Amino acid sequence: MAARTDIRRYMGFGALTALCLTVLYVPLIVVAVYSFNASRSITAWGGFSTHWYVDVFVGPEAPIFRAAAWNSISIAFLASTAATVIAVAAAVAMVRGGRFRGRQTSFAIISLPLMVPEIVIAVATLIFFTTIGVRTGYGTILIAHITFCIPFAYLPISARLQGIEDTYELAARDLYATRWQAFRLILLPLMMPGVISGWLLAFIISLDDFIITNFVKGAGMETLPTAIFGSVKQGIKPNIMAISTLMLAVSVIFVTLSYLINRIGQKAR
Amino acid sequence: MKKLALVFTLLSTPAFAAGELKVYHWFEYMPQELVDKFKAETGINVTIDTYDSNEAMLASLKAGRLGQYDVAVPGDYMVKIMADQGLLDSFTADEMPNFDNIQDEWLDVPFDPGRKHSIPYQWGSTAFSVNRDVYKGDINTLAIIFDPPEELKGRINVLDSQGEVLALASMYMGIPQCTQDRDQLKTLMAMLLEAKANWASFGSDTAKDVLVSGDAAAGMIYNGFSAKARAEGANIEYAYPKEGAVVWMDNVVLLKDAPNRENALKFMNFLLDPKNAAAVTNYAAYTPGVKGTEPFLADEIKNSPENNPPEGATFDFVAACDKETQRLYDTIWTNLKR
Amino acid sequence: MAAEATSRSARSGTGWQGLVLPLLLPSWLVIGIFMLVPVALMAVYSFLTKDFRGGIVWQFSLDAYDQFFVERGLFGDEPPLPNWTYITIFWRSIWQAGLATLLCLIIGFPTAWFIATRNPRHRALWVFLITVPYWVNLLIRTVSMRFLLRDHGPFNEMLMAIGLIDSPLRIINTDLAVQIGLFYSYLPFMVLPIYAAVERYNFALSEAARDLYAGPWTVLREIVLPTVKPGIVAGCILVFVPSLGAFLAPDLLGGARTYMIGSLIDEQFRGSAGNWPFGSAVAMILLTMVLAVLLWQVRVATREKR
């Protein structure tokens, strides 16, 4: 009766998993490999070289990509931080606020940016800024990013908060801690893994955005994705592959970070 | 609402440095060395954003970018459309010391009589190029694009540029541009829809890359862009179709509400210097509209097959239709794209 | 647990009850002003008159919806007929998104199951492997796919090198390429929620069924699938909704030739069409469809709970 021990195994599932991972990784690996191609030609292999990585930092297009990278990173940092602060406040109200009227509505509002398709948000935001006569640029991108980052920051934070019993805070309050002290000294440290996960997720989502940014960017404003998109249209050049590989590395670092933080968070519980 | 707007404006307007210039330009059309040279001479910081069709540039300006750029580089018919729409600022010849460098034949042009809003940038032609490894027959007919031979079917890239595609299609059908004749327009649309089945992609900025990478075996393209594709190793030949091809001139225009009008004029003046105009030509492989560039032009550009049409090749500008007719052409284009 | 905590704090209080409003206000304001108001404004725009090549005239008009649903010929004076062109674009998008969802499910469910049944100590590593592509920039992933699939790209070169084909397969700039792009883009979105559901699955249920002589596939169909259904539905929506409005895959992999809804909307604002009311109308129709799908999901989910 081998079948008894086999309830978890289905024929072919392992093979499909292998297929899934192959599909997910092959294009990324191919690009990473070709970014080390010495040849200028895109397909012929001309030997190993880190030339294109040097080119990313000092080549003719370097100033454009440097400015774009700075815009991307600073917008992602500001947007994810603002979204996280807003999300922490909202999560505390939603999870600790007891039953109150409009709880469902609030949840719907917070998750709205997740439900509306990106292209619709892009169009609506462009129309909004044009109608009130605001010059599109860094500020409009930042505002749009804060808005759609809120639910991404909110979900991990509220998930974490739901897992924290309120006994710790109640004990602190019994010992005459002010509400603020109880939050800062007890709740916030307990929430921290969720807050950091939320921030990281918002950061990466902001960094990832192309469609909305492309609609609301102004004159002389590029972020990495819009700059890469513009460049790719004129051919997938080796320096783009090098940039892509660098961004891939950044993503891997971020996932690892988030993974480690969750591990620490679980141990701390 | 007003207060809100003010806050955003403060948020989104960078402090204007004295030396700034925002250029809205075609992709791959200005060498970085020339931008650096301009900066070295004037101390003005140049930011360049790019677009890939006249229509896309106009759309983007209307979507709130007007007032953010100082100059743009529309093609001939688009200069007229923009001027009619009131999107251009004007200048006088004394504001630009090099104004007299404009070649005489490009001075009093129909799209900008007397050059009040624009100066010549480069001019060239739009037809198509064919990969000679794939197709070896006669290519000097627009049928290559609109009724392609078997070898090229499904391997054709078409410019994502309404004006040029519809003008070439009209030439192929032998009907005038901006016609209002119902039957002519209907056959034009029917022909295009049939031709589309044989096309692989729409793309202007991708036009060179698809030929170099081999993703397309034939593609509508600008003459200089085709020369660059050839220089990058594509075995392609630029065609001079017997039905005619499009000739165009790109022009630097002074935009309305330019935040740095003075600098924009300096930039335009700079581009009218023969040395600088020649530098653009040597990079983009078209032809300058400025006097005295001859000594500075590279031989391979001057003598390229793309810049030297054979005897008897005919060309025509894209016509700017009136609004009502334009609406019909817009509909045809929308029908084609979707 | 969460419910218990909430009710207890409601009784004795951690002191947050009085602060609910100020705590929620920032999120309401930001999302309200920068998302709800813009979407409402977009709805208004869809009923305005278009200006020449972009922009609007503040004058009521049904032209946008008329253009979408009614065909009046090139000159606008033919007898009105139902217009299938835009409906076809929607249909194509739904079909492409639906197929991508199905493919993601076929590959994603076994993957999620496989991961969830690994040794718990290694499970995190498997999840990590799925999460990495999910966090990599979508544009970069799409560009990678374009590079891989092009006529003389690594995929074709490899097939030719091992002698499987003589001339390159024409994948790029076809519907197939768009499909591959959508599938590849959103595959992790399918795996992760299903994994979360399977991980909580009580395998004793399978065991009991097997003891009653149910075959393994019967167990999967009759016991497992209904139990993990919320995860599957969540995964399907996470793939279907973004696929429906996708822009990058049709643009970069489809050669901008096979239109999907995203490209149609984009063309109205950034391309040469320059018809803002029409673009707004298309966006409104897309939004309505997506909200309908989500509402349906909420109803399914609440029915499951009961």
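Residues numbered from 1 in each chain as written. Chains lettered and ligands numbered in written order. Predicted model: local features only at pLDDT ≥ 70, side-chain atom pairs only at ≥ 80, totals over all residues. Heavy atoms only, no water.

A. Quick look at the overall build of chain A. Each helix and strand counted, chain A has 11 helices and zero strands in total. Counting from the amino terminus, helix and strand elements in chain A follow one another as α-α-α-α-α-α-α-α-α-α-α. Against the globule reference of 18 Å for 269 residues, chain A gives a C-alpha radius of gyration of 23 Å, more extended than a compact globule. Dimensions of chain A, computed from the C-alpha atoms along their principal axes, are close to 75 × 70 × 30 Å. Looking at the 269 residues of chain A, the share that counts as buried comes to 60%. Long-range pairs, those at least 24 residues apart, make up 73% of the contacts in chain A with a sequence separation of at least 6. A total accessible area of about 11,200 Å² is found for chain A, and carbon and sulfur atoms account for 68% of it. Separation of charge centres in chain A, based on 20 positive and 11 negative side chains, amounts to 4 Å. (Helix = DSSP H or I, 4+ residues; strand = E, 2+ residues; numbered from the N terminus. Rg over C-alpha atoms; globule rule 2.2 N^0.38 Å. Buried < 20%, exposed > 50% of the residue type's maximum accessible area, 1.4 Å probe, protein only. Contact = heavy atoms within 4.5 Å. Areas by Shrake-Rupley, 256 points an atom, 1.4 Å probe, with all protein chains shown as cover. Lys, Arg positive; Asp, Glu negative; His and termini not counted. Charge placed at Lys NZ, Arg CZ, Asp CG, Glu CD.)

B. Structural detail: the side chain of Asn157(B). Residue and element names in this part refer to chain B. Relative to the elements of secondary structure, Asn-157 occurs in strand S5 (residues 156–158). Its relative accessible area of 0% is what places Asn-157 among the buried residues. The residues touching Asn-157, leaving out its near neighbours within four places in the chain, are Ser-201, Phe-202, Gly-203, Thr-206, Ala-207, Val-210, Ala-216, Ala-218, Gly-219 and Met-220.

C. Local environment of the domain arrangement of chain B. Residues and elements named next belong to chain B. Under the domain assignment, chain B is made up of domain 1 (2–122 + 249–302) and domain 2 (124–247 + 312–337). Relative placement of domain 1 and domain 2: their C-alpha centres are 27 Å apart. Counting residues at the interface gives 17 residues for domain 1 and 20 residues for domain 2. Around 1,500 Å² of area is buried between domain 1 and domain 2 when both sides are counted, 57% of it from carbon and sulfur atoms. Across the domain 1-domain 2 interface, the total number found is two salt bridges. Here Glu-28 ties to Lys-208 by a salt bridge, and the two come within 2.6 Å at their closest N and O atoms. Where domain 1 packs against domain 2, one counts five residue pairs in polar contact (both at pLDDT 80 or more). Of all the elements in the fold, those that place two or more residues in the side of domain 1 that touches domain 2 are helix H4 (76–84) and helix H11 (274–284). Top element by residues in the side of domain 1 that touches domain 2 is H4. It accounts for four residues. (Domains from an automatic or database assignment. Buried area = accessible area lost by both parts, 1.4 Å probe. Salt bridge = Lys/Arg side-chain N within 4 Å of Asp/Glu carboxyl O. Polar contact = N/O pair within 3.5 Å; in protein donor to acceptor, adjacent residues only side chain to side chain.)

D. Molecular detail of the interface of chain B and chain A. Across the boundary between the two partners, chain B contributes 20 residues, which contact 20 residues of chain A. Together, the buried faces of chain B and chain A total about 1,900 Å²; carbon and sulfur atoms form 57% of this surface. Here chain B is connected to chain A by six residue pairs in polar contact (both at pLDDT 80 or more). Sorting the residues of the side of chain B that touches chain A by element identifies helix H1 (2–12), strand S2 (45–51) and helix H3 (54–65) of chain B as the ones contributing at least two each.

E. Structural detail: a nonpolar patch on the surface. A grouping of Ile29(A), Val33(A), Trp45(A) and Phe48(A) is seen on the molecular surface, where their side chains present a nonpolar patch of about 440 Å² in accessible area. By the secondary structure assignment, Trp45(A) is in the loop between helix H1 (13–34) and helix H2 (51–58). (Patch = residues over 30% accessible without salt bridge, like charges linked within 9 Å, V, L, I, M, F, W, Y side chains within 5 Å.)

F. Structural context of the state of the cysteines. In total, this model carries one disulfide over all chains according to the counting rule given. The closest cysteine sulfur to the non-disulfide-bonded Cys20(A) is located on Cys104(C), 8.6 Å from its own sulfur. Overall, Cys20(A) belongs to the buried group, its relative accessible area being 0%. (Disulfide = S-S within 2.5 Å.)

G. Representation of the pattern of salt bridges in the model. Residues and elements named next belong to chain B. Under the counting rule described, the total for this entry stands at 31 salt bridges over all chains. When the shortest N-O distance is used, the salt bridge between Glu-95 and Arg-261 registers 3.0 Å. Pair noted here: Glu-95 is in the loop between H4 and strand S4 (118–131) and Arg-261 is in helix H10 (residues 261–271), with a separation of 166 residues, a long-range link. Residue Glu-95 is classed as partly exposed on the basis of its relative accessible area of 30%. On the basis of relative accessibility, which here comes to 25%, the residue Arg-261 falls in the partly exposed class. Shared partners join several salt bridges into a network, and the residues in it are Glu-28, Lys-208, Lys-228 and Glu-232.

H. Inspection of the interface of chain A and chain C at higher detail. Facing 94 residues of chain A, the contacting portion of chain C comprises 97 residues. Note on chain A versus chain C: buried area summed over both sides is about 9,000 Å², and carbon and sulfur give 78% of it. If you sort the residues of chain A by the area they bury against chain C, Ile7(A), Arg8(A) and Tyr10(A) come out on top, with a joint share of 8%. On the surface where chain A and chain C come into contact, there are one salt bridge. Here Asp251(C) ties to Lys233(A) by a salt bridge, and the two come within 2.9 Å at their closest N and O atoms. Across the contact surface, chain A and chain C share nine residue pairs in polar contact (both at pLDDT 80 or more). With 16 residues, the top contributor of residues to the side of chain A that touches chain C is H1(A).

I. Structural view of helix H8 (residues 179–208) of chain A. The end-to-end C-alpha distance of H8(A) is 37 Å, clearly below the 44 Å that 30 residues give at a rise of 1.5 Å each. The largest bend along H8(A) reaches roughly 55° and is located at Met192(A), with the proline Pro193(A) sitting one to four residues downstream. (Expected span 1.5 Å × (residues − 1). Bend = angle between axes of the 7 residues up to and from the residue.)

J. The arrangement of unusual backbone geometry in detail. Residues and elements named next belong to chain B. One non-glycine residue, Arg-115, adopts positive backbone phi at about 55°. You can see Arg-115 is positioned in the loop between H4 and S4. Its relative accessible area of 1% is what places Arg-115 among the buried residues. The phi dihedral of Asp-257 is positive, around 60°, even though this residue is not glycine. Topologically, Asp-257 is positioned in the loop between strand S9 (245–254) and H10.

K. Structural context of the packing of helix H4 (residues 103–115) of chain A against helix H2 (residues 20–45) of chain C. It is the contact of H4(A) with H2(C), at a shortest axis distance of 10 Å, that shows an interaxial angle of 50°. Judged on the interaxial angle alone, H2(C) and H4(A) are oblique. For the element pair H4(A) and H2(C), the recorded crossing hand is left-handed. Residues Ser106(A), Ile109(A), Ile110(A), Leu112(A) and Pro113(A) of H4(A) pack against Leu24(C), Ser27(C), Trp28(C), Ile31(C), Met35(C) and Leu36(C) of H2(C). A breakdown of the residues in the contact of H4(A) with H2(C) according to their chemical character gives nine nonpolar, two polar and no charged. (Axes fitted to C-alpha atoms, helices over the stretch in contact; angles between N-to-C directions. Parallel < 35°, antiparallel > 145°, perpendicular 65-115°, else oblique. Left-handed = near helix turned anticlockwise from the far one by under 90°. Nonpolar A, V, L, I, M, F, W, Y, C, P; charged D, E, K, R; others polar.)

L. Representation of the pairing of strand S1 (residues 20–26) of chain B within the structure. All names here are of chain B. For S1, a buried count of seven out of seven residues is recorded, marking the element as mostly surrounded by other parts of the structure. As paired strands, S1 and S2 are joined by seven bridges and run parallel to one another. Its bridge partner being in S2, Val-23 is matched across the sheet by Ile-48. As for the winding sense of the linkage, the β-α-β connection from S1 through helix H2 (residues 32–42) to S2 is right-handed. Bridge count between S1 and strand S3 (residues 71–72): two bridges; the pairing is parallel. Counted as the bridge partner of Val-23 is Val-71 from S3. (Pairing = 2+ DSSP bridges. Right-handed = clockwise from strand over helix to strand, strands pointing away.)

M. View of the nonpolar core. Of all hydrophobic cores here, the largest spans 192 residues; its most connected members are Met191(A), Ile228(A), Phe109(C), Trp113(C) and Ile265(C). Listed in part, the 109 residues of the second largest apolar core include Phe38(B), Leu188(B), Ala207(B) and Met220(B). (Core = buried A, V, L, I, M, F, W, Y, C linked by side-chain atoms within 4.5 Å.)

N. Inspection of the packing of aromatic side chains at higher detail. Under the criterion given, the structure shown has 59 aromatic pairs over all chains. Each ring, one from Tyr259(A) and one from Phe128(C), has its centre 5.8 Å from the other, and the planes form 55°; the classification is tilted. In this pair, Tyr259(A) is assigned in helix H11 (residues 238–268) and Phe128(C) in helix H5 (residues 120–135), connecting two distinct chains. Look at Trp26(B) and Phe27(B): their rings are 6.4 Å apart centre to centre, the planes differ by 65°, and that puts the pair in the edge-to-face class. Comparing Trp26(B) with Phe27(B), the two get one shared label, buried. (Phe/Tyr/Trp six-rings, centres within 6.5 Å; stacked < 30°, edge-to-face > 60°.)

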